[in-house]
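# Results of the structural survey
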Amino acid sequence: VQLQASGGGLVQAGGSLRLSCAASGRTFSSNAVGWFRQAPGKEREFVAAISGNGGSTAYADSVKGRFAISRDDAKNTVYLQMNSLKPEDTAVYYCAADRNGPWVTRFQYVYDYWGQGTQVTVSS
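Now for a description of the structure that goes with this document. Being a predicted model, the structure only gives us computed values, none of them experimental.

## Observations regarding the side chain of Thr118
- In this fold, Thr118 is placed in strand E11 (residues 118-123).
- By relative accessible area, which is 10% here, Thr118 ends up buried.
- One polar contact links the side chain of Thr118 to the main-chain amide nitrogen of Gly8, over a distance of 3.1 Å.
- Residue contacts for Thr118: discarding those within four places in its chain leaves Ala5, Ser6, Gly7, Gly8, Leu19, Ala91, Val92 and Tyr93.

## Regarding the pattern of salt bridges
- Following the criterion strictly, the structure yields six salt bridges and no others.
- Linking Arg37 and Glu45 is a salt bridge whose minimum nitrogen-to-oxygen distance equals 2.7 Å.
- The class for Glu45 is partly exposed, based on a relative accessible area of 38%.
- Judged by its relative accessible area of 5%, Arg37 is buried.
- Linked through salt bridges whose partners overlap, the residues forming this network are Arg37, Glu45, Arg66 and Asp89.

Criteria and thresholds
- Each residue is numbered by its place in its chain's sequence as written, counting from 1.
- Where local features are concerned, this predicted model is filtered to residues with pLDDT of at least 70; where side-chain atom pairs are given and counted, the filter is 80 or more; whole-chain, interface and lining totals use all residues.
- Hydrogens are left out, water is left out, and the side-chain values use all remaining heavy atoms of the structure.
- The helix and strand labels rest on DSSP assignments: H or I over at least four residues marks a helix, E over at least two residues marks a strand, and numbering proceeds from the N terminus.
- Note on exposure labels: buried denotes an accessible area under 20% of the residue type's maximum, exposed denotes more than 50%, and partly exposed covers the range between, all computed with a 1.4 Å probe on protein chains only.
- Polar contacts here mean pairs of N or O atoms no more than 3.5 Å apart (in protein, one a potential hydrogen donor and the other a potential acceptor; neighbouring residues in sequence count only if both atoms are side-chain atoms).
- The contact definition used throughout considers only heavy atoms, calling two residues in contact when any of these lie within 4.5 Å.
- For salt bridges, the criterion is a side-chain nitrogen of Lys or Arg within 4 Å of an Asp or Glu carboxyl oxygen.

Shown next, in the form of structure tokens:
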């Protein structure tokens, strides 16, 4: 099983990016998927998560109202739409999938599969 995160890049503050997390090796339509990020010198932190079949979502307070997570199970892909980006959003963004269940969770230890990360840089 592999997760491929993509869509990162350099953007000015106030701009938008859409990250993609494509899964291969099995389908994840019934499994929760989360996005996490790690800024230089900081610990990896929760950003957003979506339940299996997309019925529930959760967001970190720092991105609520600006980011939106969604999934296209036909493409086995989860997206993170990031709007109104701020310099403090600069980080490597990782997607992760829970092998065992559909439930939304903020806890990293629950997730079994991790993508390689994609860099997001927001300039002021």
